Amino acid sequence: MTDGRELLAAADADYEFDPATVDIADGDVLDRLEPSVREWWVDQFGEYVGTNGGFFTPPQREAIPLIDEGENCLVASPTGSGKTQSAFCAILNDLFRREREQAEDGGLDDGVYCLYVSPLKSLANDITRNLAEPIDGIAEKLADRGHDTEIRQAIRHGDTPDSERRAMLESPPHVLNTTPETLAILLNSPKFKETLRSVEYVVVDEIHSLANNKRGTHLSVSLERLERLCEGSPTRIGCSATVEPLSTMAKFLVGGEAGDGEVGAGDEDGDADDETGTGGAWTPRDCEIVDTRFVREFDLRLECPTDDLIDTPREVVNERFHDRLHELIDGHENTLVFTNTRSGAERVLTTLRERYGYDETDSGCHHGSMSKEHREAIEEKLKSGDVDVVTTSTSLELGIDMPHVDLVVQVGSPKSVASLLQRVGRAGHRLGRTVEGRVIALDRDELVECAVMLQRAEEGFVDRVFVPENAQDVAAQQVYGMAINGVRREADVRDTLVSAYPYRNYSGTEWEQLMRYLTADHEGMEERNAYAKVWRDTNDPPDGEHHYEEFDVGEPLIGKRGRLARVIYMTNIGTIPDSFTIDVFVRGGDEWVGQLDEGYLDTLESGDVFQLGGSTYQYSYRRGSKVYVDPSSQRPTVPSWFSERLPLSYDLGREILAFQDELMDQFAAGGPANARRWLRRLPLDENAVRAITRMFDEQRRYLGPDGVSTPDRLVVEQVLDRAEYRRHYHVHSAYGREFNDGLSRLVAYRCTQRANANVQVAVADNGFTVAMPLNRKVDIADVIASIDPDAVYSEFRAALEGTDLLKRYFRINATRSLMILKRYKGYEKSAAQQQVSAEMLVSFAADLDSFAVLEETYREIVEDKLNVAGIREVLGAVRAGDIKVVRHEVDAPSPRAFGLATLSASDTVLAEDEDAALEEFHARVMEELDDEGNGTDGTEGTGGLLSDSGAPVDSDPD
């Protein structure tokens, strides 16, 4: 075994440690490498031996031997810990060894040996640059030994010039970097797919960002197609940030094998023998998990500009926030500031420049609405360290190395622990450096979220990733692609599909449903220009018209339909939906009042009130690419940022409920002083401690000891608004926005039936509000308790029928399913035109029996967007008595309902619209509390007195 200390000494470098005495924990890993690779590695990373305890970081130390031995592996590690290098080190080592050994025969054969798949073009570009350096460096070491070697690497995505694509065909790269969409195209490219037969390694980077959406579903099937194309089974390596569950991520990465049974065209009912629909259990391929998610030191802290986010004037809060932000930036080399919206990122940067003298040379903003050239310029400044501060929304969560960023500031809640760790991990972007992150909360509800988030992050909690399952639109694309490549056994096509993790439970019924769509076996499809994409039949005898000699007579086969099939497929595939802005008109006239982002319409139902251009409107209806509204004087019910901000995760919502339960126990045991002492154990500043204590103290005194939702209690409060003649029900279901969006639709649907009234709904991360006329009354607690968990899916279907939400997602899924073509014979159909086509088709689809595209639309909305699994879980616990639904009738919203009652508040960075309403609510609560006295016995009351301002007073000197 090579002595690592000798290599350090031979490197002739000045180290901050003595190479002769340093402990080397990974000499066996270093010894696996080719001498030239070993020398290059020591030259590059020898300076970190003292902090790493060896030449490799923990993920590299574990992963390199596994990859070297051809084992599939998932490497889960924080940003900046070298997980991507762990994959490329072992792979390049293998390629250079073989190139050297085969030098006399001309080196490596032409063909792709390693396929690197990235979710972002920019990330693929960055990896390409990072690959060029080690390839050139190692080749130079080999040249010094008299070996001329050539390892080629290239990038291929939608922006790659035709000249480079032709060059790749003539001289294929040994390492190819690409995106999921381009991989699907390459698998159907008659010439280039032949260069993929030699693939031996597949690296999927940032796999956690793909697994929870249909891009990942599409990729998982592409990997199974690649598996069957290659000469051998490629070694799969996944690189993931901190996520849960790792076992699911591993299965998603490697796929599996189904049982021996099969369902073909001859099956009577199309049903399978078991839940897999394959006649046998789905078994995942072997995969080793390298779990080094917590190898970095974190310095995280929550700050708040004031201990009173209601009575402190908004301008004072903003001034203190920006002063503190400038102070943090001034004390660090490079600072990255994340906000929750793009407008927030721009406003923060504008304020910094106006107040503190930053300009274009030392500051910048980066988000998806900016030009590619602008974003790349900011990225270059971050890489070089030539910038003091960059503000962003989500666009810098993944991708480029930022070695000079030493602080990340998160403004408001990032809505999940995984997102927090991903964002904060951009600081100290290398092992051995402490990750310094500051979260600044400017909103009372987000203050609680952030406190829980930081506490749970320190304890090692991570939110789960949920993988979409059995998506028919993606299945339609991929089956069509397989048929285009040649006539196939139906069993082989289906086996390829169900080998992908998202389709492991794909049933025979679902397969038959898909086949009916793809073969246009629904009456009226072709009259609506929805043509068959594949044919499905048994192989003819040798004298038959359609005999394929490579298959047995009677074998069920699938083949493509249409002469333009390949062109249609190559120009229309992908899963990222097009979107468009919608013109808004006043109903009954032609007055144009502005535009809305299409995604915002997901949140709107008839009767909802929103702001646009400084005026308030009530949503009436939509026709194609136009929305019709009525002017309104009511308070907005849907905030302007709603469609842009990330939703609170279901898992973090459950942790918030657990936190509230613990905090209530602290109040019961010793009042506010005890609660404050308990909170000070967490990474919170004193303002945050006091603000949280005050809010929950007022809540429990106003509603009583059962006035806070916990894991076993769901609080519903009714508020009568006689001024607006409305009855408001605030449901404190802190299970995240997707859960609340779903449950609120079910509750509103039932309330409409019970009260025979127009019911309005407003949704937030920590609950939802149902409003109806004052002369209508419904027992919301009883409504929630009456919903049968087993009937939720069917109720959703009834509630969604005919809605704009259904029509929009039908368009998206019809386009993904290639029922509506974005591009055809040189003509491109815009998203608005696609929507018009979809609205003409959706009523037709609704009249058909189990039409695959419509079934997928319902499935995606209910399962992926509205969290039906979480709703069933909670409703089941309510029905079993494990969760008690508690009713309260009050004259004003409780402190924990202030956010629900003022959902028109804008971005937390900009929030200024609802100050007066919040102050009014708070004044009414405090007035009622003062009228009732200052608490009771210290168990259910404050445990102390109140100052003149209403703030609790205790013997705690702090």
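Described in the following lines is the structure provided in the data block. (Residues numbered from 1 in each chain as written. Predicted model: local features only at pLDDT ≥ 70, side-chain atom pairs only at ≥ 80, totals over all residues. Heavy atoms only, no water.)

### Details of the overall build of the protein chain
A count of helices and strands for the protein chain gives 33 helices and 32 strands. Over its C-alpha atoms the protein chain spans a radius of gyration of 30 Å, differing by no more than 12% from the 30 Å that the globule rule assigns to 958 residues. The buried share of the protein chain, taken over its 958 residues, is 60%. Sequence separation of at least 24 residues holds for 74% of the intrachain contacts in the protein chain that already meet a minimum separation of 6. By element, 43% of the accessible surface of the protein chain is carried by carbon and sulfur atoms, the whole surface being about 36900 Å². (Helix = DSSP H or I, 4+ residues; strand = E, 2+ residues; numbered from the N terminus. Rg over C-alpha atoms; globule rule 2.2 N^0.38 Å. Buried < 20%, exposed > 50% of the residue type's maximum accessible area, 1.4 Å probe, protein only. Contact = heavy atoms within 4.5 Å. Areas by Shrake-Rupley, 256 points an atom, 1.4 Å probe, with all protein chains shown as cover.)

### Some points on the sheet that holds strand β14 (residues 405–411)
Read across the sheet, six strands follow the order β10-β15-β14-β11-β13-β12 without closing on themselves; strand pairing throughout is parallel. Each edge of the open sheet is held by one strand with a lone partner, namely β10 (298–303) and β12 (363–366). Between one strand and the next, the sheet's axes are offset by a mean angle of 20°, whatever the strand orientation. Seen against the sheet, helix α15 (residues 342–356) touches β12 and β13 (389–392) and runs at an angle of roughly 170° to β12. Relative to β12, helix α16 (residues 372–384) is tilted by about 130°, and along the sheet it contacts β11 (334–338), β12, β13 and β14. (Pairing = 2+ DSSP bridges. Axes fitted to C-alpha atoms, helices over the stretch in contact; angles between N-to-C directions.)

### Considerations on the side chain of Arg713
Topologically, Arg713 is positioned in strand β24 (residues 713–721). In this structure the side chain of Arg713 is engaged in a polar contact, spanning 2.9 Å, whose partner is the backbone oxygen of Val708. Setting aside chain neighbours within four positions, we find Arg713 in contact with Pro705, Asp706, Val708, Ile883, Lys884 and Val886. (Polar contact = N/O pair within 3.5 Å; in protein donor to acceptor, adjacent residues only side chain to side chain.)

### So, the sheet that holds strand β16 (residues 488–489)
The strand order across the open sheet formed by three strands is β16-β18-β17, and the pairing between neighbours is antiparallel. Taken across any chain shown, the strands that pair with only one partner, and hence form the sheet edges, are β16 and β17 (534–538).

### With respect to the packing of helix α12 (residues 214–229) against helix α13 (residues 246–254)
Packed helix pairs are specified by the crossing angle of their axes together with the interaxial distance, meaning the distance between the axes. It is at 8 Å that the axes of α12 and α13 come closest, and there the two elements cross at 50°. By the criterion of interaxial angle, the relationship of α12 to α13 is oblique. Contact with α12, carried on its side by Gly216, Thr217, Ser220, Leu223 and Glu224, involves Phe252, Leu253 and Val254 of α13 and no other residues of that element. In the contact of α12 with α13, the residues fall into four nonpolar, three polar and one charged. (Parallel < 35°, antiparallel > 145°, perpendicular 65-115°, else oblique. Nonpolar A, V, L, I, M, F, W, Y, C, P; charged D, E, K, R; others polar.)

### Quick word on the pairing of strand β1 (residues 73–76)
By the alternation rule, side chains of β1 split into Cys73 and Val75 and Leu74 and Ala76, which are all buried. Taken together, the four bridges between β1 and strand β9 (residues 288–291) define a ladder with parallel strand orientation. The residue of β9 that forms the bridge with Leu74 is Ile289. Relative to strand β6 (residues 235–240), β1 runs parallel, the two being bridged by four bridges. Paired with Leu74 across the two strands is Gly238, which belongs to β6.

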